[in-house]
Amino acid sequence: IYKDHLCREDVYLQLLEKNLQSSGDYLELARYWLSKGNREKAIEIVYQGIKKRDSIDYHEFLFSQYSSNDYDKAKYHLQQQFEQFPSLGLYEQLKKYVHSDEWNAVDQWCQKIVDNRHYTTLLADINLINGKFEDVLTFVLGDHSDRYDGGLYDKERFAKELISEFPAELIPFYLERIEDN
């Protein structure tokens, strides 16, 4: 309000600097400094925020700042995002960004994180992307009593992807679906 409506940028800046509580506050201040052309100050503010409490938002910001000019730092912050919030989107982003000669190590690192957290649906998605269809089939045919992760919807989604590759193996899965209905 102070900055846009009252034309009091100095008051706006003072309020931002005094009220750094959440990642959003630090990022707003960092964006302020970016808008003023002070990238170094913006990055410094974000690192201060990380020291208080790490957040995926900080790493998204830093990845965007480093992605065009510092490969190692950008890769680090993209990996931090994945470590904090593993997702298929971040996995695919890493796969596109990381140098091909490093990908196998990064891929194993990603899969270890996903496996350790028991994100079975995400692991099945990763396996599907990587052509590990037998591993996806194992997921689909796995115990259906645990529907917390990889519920029935996901198993059916994967079964549709695999039906042409494993028609005979999927018959019991589809028979069970019919019996459940």
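Above this text you will find the structure in question.
Because the structure is a prediction, the values reported are computed rather than measured. (Residues numbered from 1 in each chain as written. Predicted model: local features only at pLDDT ≥ 70, side-chain atom pairs only at ≥ 80, totals over all residues. Heavy atoms only, no water.)

## Topic: the overall build of the protein chain
Using the following cut-off: Under the scheme used here, helices are H or I runs from DSSP no shorter than 4 residues and strands are E runs no shorter than 2 residues, and both carry numbers assigned from the N terminus. Two things to know: the radius of gyration comes from C-alpha atoms, and the globule rule equals 2.2 Å times the number of residues to the power 0.38. Each residue's exposure class comes from its accessible area (1.4 Å probe, protein chains only) as a fraction of the maximum for that residue type: buried when under 20%, exposed when over 50%, partly exposed otherwise. Contacts: residue pairs with any heavy atoms within 4.5 Å of one another. Each accessible area is a Shrake-Rupley result for a 1.4 Å probe, and residues are judged covered by the shown protein chains and nothing else.
When its secondary structure is counted, the protein chain shows 11 helices and 0 strands. Mapped from its N terminus to its C terminus, the protein chain presents α and β elements in the order α-α-α-α-α-α-α-α-α-α-α. For the protein chain, whose C-alpha radius of gyration is 22 Å, the value lies well above the compact-globule estimate of 16 Å for 181 residues. In terms of overall dimensions, the protein chain has a C-alpha envelope of 70 × 40 × 25 Å along the principal axes. Residues counted as buried form 41% of the 181 residues belonging to the protein chain. Contacts in the protein chain between residues at least 24 apart in sequence constitute 44% of all its contacts with a sequence separation of at least 6. Carbon and sulfur atoms make up 50% of the accessible area of the protein chain, which totals about 11100 Å².

## Side note on the packing of aromatic side chains
Stated formally: Centres within 6.5 Å are what make two rings of Phe, Tyr or Trp a pair, Trp counting through its six-membered ring; a difference in plane orientation under 30 degrees is then read as stacked, over 60 as edge-to-face, and the rest as tilted. Two limits define a charge over a ring: the Lys NZ or Arg CZ must be within 6 Å of the ring centre, and within 35 degrees of the ring normal.
Enumeration over the complete set of coordinates arrives at 9 aromatic pairs. Residues tyrosine 71 and tyrosine 97 carry aromatic rings whose centres are separated by 5.3 Å and whose planes lie at 20° to one another, so their mutual orientation is stacked. Separated by 26 residues along the polypeptide, tyrosine 71 in helix H5 (residues 71-84) and tyrosine 97 in helix H6 (residues 88-97) bring together distant segments of the chain. What makes tyrosine 71 buried here is its relative accessible area of 18%. Classification of tyrosine 97 as buried rests on a relative accessible area of 18%. An angle of 85° between the planes, with centres 5.4 Å apart, marks the rings of phenylalanine 139 and phenylalanine 158 as edge-to-face. Here phenylalanine 158 lies in helix H10 (residues 152-162) and phenylalanine 139 lies in helix H9 (residues 133-140), a separation of 19 residues in the sequence. With relative accessibility at 0%, the residue phenylalanine 158 sits in the buried group. Looking at lysine 155, its charged tip hangs above the ring of phenylalanine 139, at a distance of 5.1 Å from the centre.

## Notes on a negative patch on the surface
Worth spelling out the cut-off: In this analysis, a patch consists of residues with relative accessible area above 30% that form no salt bridge, clustered at 9 Å for like charges and at 5 Å for the nonpolar side chains Val, Leu, Ile, Met, Phe, Trp and Tyr. The working definition used for a salt bridge is a side-chain nitrogen of Lys or Arg within 4 Å of a carboxyl oxygen of Asp or Glu. Asp and Glu are treated as the negative residues and Lys and Arg as the positive ones, with His and the ends of the chain left uncounted. To locate a charge, take NZ of a lysine, CZ of an arginine, CG of an aspartate or CD of a glutamate.
The grouping of Glu134, Asp135, Glu165 and Glu169 at the surface amounts to a negative patch. Residue placement: glutamate 134 occurs in helix H9.

## So, the pattern of salt bridges
One pass over the full model with this rule turns up 6 salt bridges. Lysine 75 serves as the salt-bridge partner of glutamate 102, at 3.1 Å between the closest nitrogen and oxygen. Of the two residues, glutamate 102 sits in helix H7 (residues 100-116) while lysine 75 sits in helix H5, which places them 27 residues apart along the sequence. Given the relative accessible area of 22%, glutamate 102 is considered partly exposed. One salt-bridge network, in which partners are shared between bridges, spans Asp125, Asp154 and Arg157.

## Thoughts on helix H8 (residues 120-129)
Most of H8 sits out of view: 8 of its 10 residues are buried. Those residues of H8 lying buried are Thr121, Leu122, Leu123, Ala124, Asp125, Ile126, Asn127 and Leu128. Looking at the buried positions of H8, the neighbouring elements they touch are H6, H7, H9 and H10. Once H8 finishes, glycine 131 follows within two positions and takes phi at roughly 75°, a positive value.

## A look at the packing of helix H2 (residues 23-35) against helix H3 (residues 39-52)
Inclusion rule: Angles here are taken between N-to-C directions and fall from 0 to 180 degrees, while the axes themselves are lines fitted to C-alpha atoms, restricted in helices to the stretch in contact. Here is the rule for angles: anything less than 35 degrees is roughly parallel, anything more than 145 is roughly antiparallel, 65 through 115 is roughly perpendicular, and the remaining ranges are oblique. In the scheme used here, Gly and all other residues not listed as nonpolar or charged are polar, with Ala, Val, Leu, Ile, Met, Phe, Trp, Tyr, Cys and Pro taken as nonpolar and Asp, Glu, Lys and Arg as charged.
Put simply, H2 and H3 touch, their axes get as near as 7 Å, and they point 170° apart. Between H2 and H3, the angle is such that the two are roughly antiparallel. Contacts between H2 and H3 involve Tyr26, Leu27, Leu29, Ala30, Trp33 and Leu34 from the first element and Arg39, Lys41, Ala42, Ile45, Val46, Gln48, Gly49 and Lys52 from the second. Within the contact of H2 with H3, the residues separate by chemical class into 9 nonpolar, 2 polar and 3 charged.

Read these as geometric descriptors, not functional statements.
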